[in-house]
Structures are given as C-alpha cells and as structure tokens.
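Architecture and fold: a report
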Amino acid sequence: MSKTWRIGVAGLGTVGGGLVKFLAEAPLYAPQGGRAEVVAVSARSRKRDFDISAMTWFDDAVALAASPDIDIFVELIGGSDGPAKAAVETALKHGKPVVTANKALIAVHGQALAALAEQNGAPLLFEAAVMGGVPAVKIVREALVGEDLVAIAGILNGTCNYILTEMEATGRSFADVLAEAQRLGYAEADPTTDVGGFDAAHKIVILAALAFGSAPNYADAEIEGIEKIELADIRLAHDLGYRIKLVASAEKIGDGVSVRVHPALAPLSHPLAQAGGALNALFIEGRRVGRIFVQGRGAGEGPTAAAVAADIADVMAGAVRPVFQKPGAQLVKAPAIEGEQRLTQAYVRLLVKDEPGVIAAVSETLAEENVSIDSFLQKPVHDAGGVPIVLTTHATPEPVLLRAIQRIGALPQVLESPRMIRIARV
Ligand SMILES: NC(=O)c1ccc[n+]([C@@H]2O[C@H](COP(=O)([O-])OP(=O)(O)OC[C@H]3O[C@@H](n4cnc5c(N)ncnc54)[C@H](OP(=O)(O)O)[C@@H]3O)[C@@H](O)[C@H]2O)c1
C-alpha cells in the first residue's frame, strides 16, 4: 500500500527553507511507493520567500511535534535546549520518527534522547548535524558499523576554516577577517560558537559517540578556539612546512577516549592542510579498514537540506538502528584519558631579548624536562621589542611539555608568554 509520508518541519531558516525547496523539487519515495510531502510547518514568523500556503501553520513547534497529522517530525530550529529540545522530546514521546540537524541538542542531550527514542520505538536521525552535505554520520554509523575505529580527526567548522584560509591568503588579522566574514554573512553576529570551537566540539562529540559506541559526552570535551591565532603564527608555521587548522579529534588511547578541539599545525602536503576556504574534511581510521578521508561542504542550505532529506528517506525505508550503535541501556560515557597518556608535539613561539645565551637557556630548560627539539627557527628581526624564535618539539607527554613551556615563559630573557600550538597527529 503506498501512502504519503506527512512531514512536519519546525524551523524555516537556512536549513528548513532549503528542505521545503528540496522536497518540492526532488520527490523522495518509500520502497512501497509513497512520497514525502511537507504538510505542516512552524517558525516564529509566517513571512517566507517560498510558498508555504498549502501547509498547515503551527505557532508552537511542540504542538506540531504532537500533531496526529504528521508521520515524521523534522527539527530545524537549533539550540541545545528550549523549543528544539521540547519539540523533539514531544515527538519521540508520541512515537514519531525525528530527523534533526541540531548538533548542540544531540551532543548535549543525545543519551537521554536516544533512551526516549528507544522506549517509544521511534528513530532519531541526525545526519545533517555533522559536516552538512558530507555523509560523515552514515559512514561511521552504517558503513563502518562493528569496525574497531581508533581515531577520527578533521576540520568540522567551515567558518573557522574560512577565516584561517583568508588570514593566510590576504595577510589580514583574525579580527579583520572575522569582521568581513560577518558582513558577508559567513559568520554569525555572535561568532563565539564557531570561533570558540564549540560548534566543532558538538560535531566531534557526536562522531566519537558513534565511533566508539559510547554516550555523547560534551561536558568532558576539551575545547580551544582560533581567537588567539595571530598572523605571525600562520606565517611562521608556513615557514616550517605547516598550515594552521582548527582540528577536532576523537581518539582511543588505552581504555579511554580523548575528545578535543584546538588549533593545530598540519603538514602543508597533508589533505587536511589542503582543505581550504569553508570546506570540511575528515579522517576516519579503523583497525581493519585503515584510513578513510572525506571532504566537502559542511554547511549551507543545499548540502544540509540534502542530508536531512537522506534521513527522511531512511525513515521511509524503515531503517532502524540503535541511535549510538548500542542499545540505550548499555550506553556509558567513555573513560577520560590521563594527561600523561597523551603524547603531544608542539610549535612554540617565543619573543626573547636580543642578547647572547638566550637560546642556550631555552634549550637547557627543555633538556631538563626531557623535551627534545625537532626544529628551530630564528627570524632575523632585531628591534627593541625583542627577537621572535620558534621551535617545534618531538612528541612528549603533554603535562611535561606544558610544564617545560611554563618554565621557559618564566626565564628572564623571555619577554612575553610563549605561544604554544599543537602539531596535529595526522
Ligand atoms: N545553516 C547551516 O548551514 C547548518 C548546517 C548544519 C546544521 N545546521 C543546524 O540546523 C539547525 C537550523 O539552522 P539554520 O541555519 O537553518 O538556522 P536559522 O536560519 O536561524 O533558522 C532557524 C529557524 O528556526 C525558527 N525558530 C526559532 N525559534 C522557533 C520556535 N520557538 N518555534 C519554531 N521555530 C522557531 C526560526 O524562525 P523565524 O525564521 O521566523 O525567525 C527560523 O526559521 C541548527 O540546529 C543548526 O545548527 C545548520
């Protein structure tokens, strides 16, 4: 028997509007022949530049989620709490399949929502939450199900990647490029979620949960953004053969899992270094499959709507999987790793006095802490403001490295706090 799949869409902004247009242009069919049709919508204002006149309007997204006249609820409002969470919970409690692009919601409340979905026999799908049009969730959740994944690392925020790429290409400061990105609509008026690394963290937390069959654990993710990246670092890193990227990574170390986001140097020849502009890119490494690399458009109306549509098609096809690889009752947070277990290679920039013996003092301090130097670069700049020097280290237990850098910062010849950026383990 063929039936129309009645879709209710809450949120008609970039992604919601894109989805309404996508489904009007590209019909999605169920195996039995039924089609997906947006029959009801909700947003704050009814004013749209696309036609919603044939759709039932709901002022309240929660009422839409509870409506007996929809078969699938699509949440495209955003935010980890508030109306998005209330509406998703309501739909799941009514046993309705939910499709969402909301990474904040899934990263923060994924475990409870997975339990609710399971109790009510309703699928909860979120392909669009990670890397927009690149099917990262499907690769990890479906194509690699059962594989022993060991590491995931990538560029998961297009705004940061755009800013870093523009800084390098145009020689402008972080503040200048951010202001221009805001004018052009590439960055939000409040850019904190993007440039602070929080958006990338939401996404890597979701991928880590899927990869390692654990509960999403946003609270324990270590997050550092790109706000402190200076043009000098971009240029010096380049002189050393690297490019600075905001890298999100999830890695199994011993019995624990490390989930972090921070700026990192990637070798210029590495695919992550070559993913420029607003592109997203991701490495996935499994014990049997080896390394997989994907790259593409991680945001925007078209790519994100396509990912939402793919989830709707999965619901129509009857695909049912555990939300995070394991039944909800078995989902636990992966144990955090001890700092000493983490081996880190770093780039360290110092501003030192222009006098003899400085390099010896820095080298001695590092030697005392057992940190070995991989490369050393001194720029021929001599002025009253000091001399910049840059070094890279070999891999060292991270607490030891941080202690050594702190000691260097306290040397009388060192004029400002050392700048440390990790070198990506890619
Ligand atoms: N934009 C992307 O490229 C992208 C990519 C991947 C994932 N996502 C995720 O997709 C979701 C939507 O993002 P977006 O960029 O489309 O956001 P957006 O353009 O800001 O759209 C948000 C929509 O939600 C509506 N809304 C706000 N409060 C509401 C409420 N209480 N009830 C009903 N509707 C409400 C807004 O209504 P009004 O229009 O009336 O103000 C607007 O239509 C977010 O979770 C985001 O993280 C976005």
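A quick note: this is a predicted structure, and the numbers were derived from the prediction, not measured.

Basis of the calculations
- Residues numbered from 1 in each chain as written.
- Predicted model: local features only at pLDDT ≥ 70, side-chain atom pairs only at ≥ 80, totals over all residues.
- Heavy atoms only, no water.
- Phe/Tyr/Trp six-rings, centres within 6.5 Å; stacked < 30°, edge-to-face > 60°.
- Helix = DSSP H or I, 4+ residues; strand = E, 2+ residues; numbered from the N terminus.
- Buried < 20%, exposed > 50% of the residue type's maximum accessible area, 1.4 Å probe, protein only.
- Lys NZ or Arg CZ within 6 Å of the ring centre and 35° of its normal.
- Core = buried A, V, L, I, M, F, W, Y, C linked by side-chain atoms within 4.5 Å.
- Near = heavy atom within 4 Å.
- Polar contact = N/O pair within 3.5 Å; in protein donor to acceptor, adjacent residues only side chain to side chain.
- Areas by Shrake-Rupley, 256 points an atom, 1.4 Å probe, with all protein chains shown as cover.
- Nonpolar A, V, L, I, M, F, W, Y, C, P; charged D, E, K, R; others polar.
- Domains from an automatic or database assignment.
- Buried area = accessible area lost by both parts, 1.4 Å probe.
- Salt bridge = Lys/Arg side-chain N within 4 Å of Asp/Glu carboxyl O.
- 1 Å grid on protein atoms, 1.4 Å probe; cavity = no way out; pocket = protein on both sides within 12 Å on 5 of 7 lines; lining within 4 Å.
- Points joined across faces, edges and corners; volume = space filled by probe spheres on them.
- Pairing = 2+ DSSP bridges.
- Right-handed = clockwise from strand over helix to strand, strands pointing away.

To continue, consider the packing of aromatic side chains. A full pass over the atoms with the stated rule returns three aromatic pairs. Summarising the aromatic geometry, the rings of phenylalanine 283 and phenylalanine 293 are spaced 4.8 Å apart at their centres and angled 40° between planes, so their arrangement reads as tilted. Taken as a pair, phenylalanine 283 in strand S11 (residues 279–286) and phenylalanine 293 in strand S12 (residues 290–297) lie far apart in primary sequence, 10 residues in all. Given the relative accessible area of 31%, phenylalanine 293 is considered partly exposed. Across the ring face of phenylalanine 283, the terminal group of arginine 291 is positioned such that the distance to the ring centre comes to 4.6 Å.

Proteins that are soluble and globular tend to have nonpolar side chains buried together. Residues Phe73, Phe126, Ile163, Met167, Ile226, Leu282 and Phe324 are the most contacted members of the largest nonpolar core, which totals 86 residues. Examining the composition of this core, we find that 11 residues originate from one element, helix H9 (residues 198–212), more than from any other. Counting residues in hydrophobic clusters, the runner-up holds 32 residues, among them Ala36, Ile72, Ala101 and Ala307.

Of all residues adjacent to the ligand, which total 22 residues, the nearest are Leu12, Val15, Ser45, Arg48 and Gly300. Take serine 45: an N or O atom from its main chain is 2.8 Å from an oxygen atom of the ligand. At 3.3 Å, a side-chain N or O of lysine 103 approaches an oxygen atom of the ligand. Alone, the ligand offers 900 Å² of accessible surface; in the complex the protein occludes 76% of this. Residue composition of the shell around the ligand, by class: 10 nonpolar, nine polar and three charged.

What follows is about the domain arrangement of the protein. We note that the domain assignment places domain 1 (5–133 + 306–330), domain 2 (136–297) and domain 3 (339–423) within the protein. Relative placement of domain 2 and domain 3: their C-alpha centres are 25 Å apart. Summed over both sides, the interface of domain 2 with domain 3 buries roughly 1600 Å², with 55% coming from carbon and sulfur. Of all residues in domain 2, Leu236, Leu240 and Leu265 give up the largest surface area on contact with domain 3, accounting jointly for 33% of the area buried on that side. At the surface where domain 2 touches domain 3, the tally comes to six salt bridges. The salt bridge partner of arginine 349 is glutamate 230, with a shortest N-O separation of 3.2 Å.

So, on to the pattern of salt bridges. Applying the stated criterion across every chain, the model contains 28 salt bridges. Salt-bridge contacts for arginine 172 lead to glutamate 166; the nearest nitrogen and oxygen are separated by 3.6 Å. Judged by relative accessible area, which is 24%, arginine 172 ranks as partly exposed. Connected through salt bridges with shared partners, the residues Glu222, Glu224, Arg260, Arg342, Glu398 and Arg422 form a single ionic network.

Let us now look at empty space enclosed by the protein. Applying the stated criterion to the full structure yields one cavity of 30 Å³ or more. Computed from the structure, the largest cavity encloses a volume of approximately 40 Å³. If you trace the largest cavity, you find it lined by Leu164, Thr165, Glu168, Ile234, Arg243, Ile244 and Lys245. Mapped by element, the contributors of at least two residues to the lining of the largest cavity are helix H6 (158–170) and strand S9 (242–253). Of the residues assigned to the lining of the largest cavity, the class counts are three nonpolar, one polar and three charged.

What follows deals with the pairing of strand S1 (residues 5–10). For S1, a buried count of five out of six residues is recorded, marking the element as mostly surrounded by other parts of the structure. Of the strand pairs in this sheet, S1 and strand S2 (residues 36–42) are connected by six bridges, and their pairing is parallel. The residue bridging tryptophan 5 from the neighbouring strand is alanine 36, located in S2. A crossover connection joins S1 to the parallel S2 through helix H1 (residues 14–25); in handedness this β-α-β unit is right-handed. Bridge count between S1 and strand S4 (residues 72–75): four bridges; the pairing is parallel. Directly across from alanine 10, in S4, lies its bridge partner glutamate 75.

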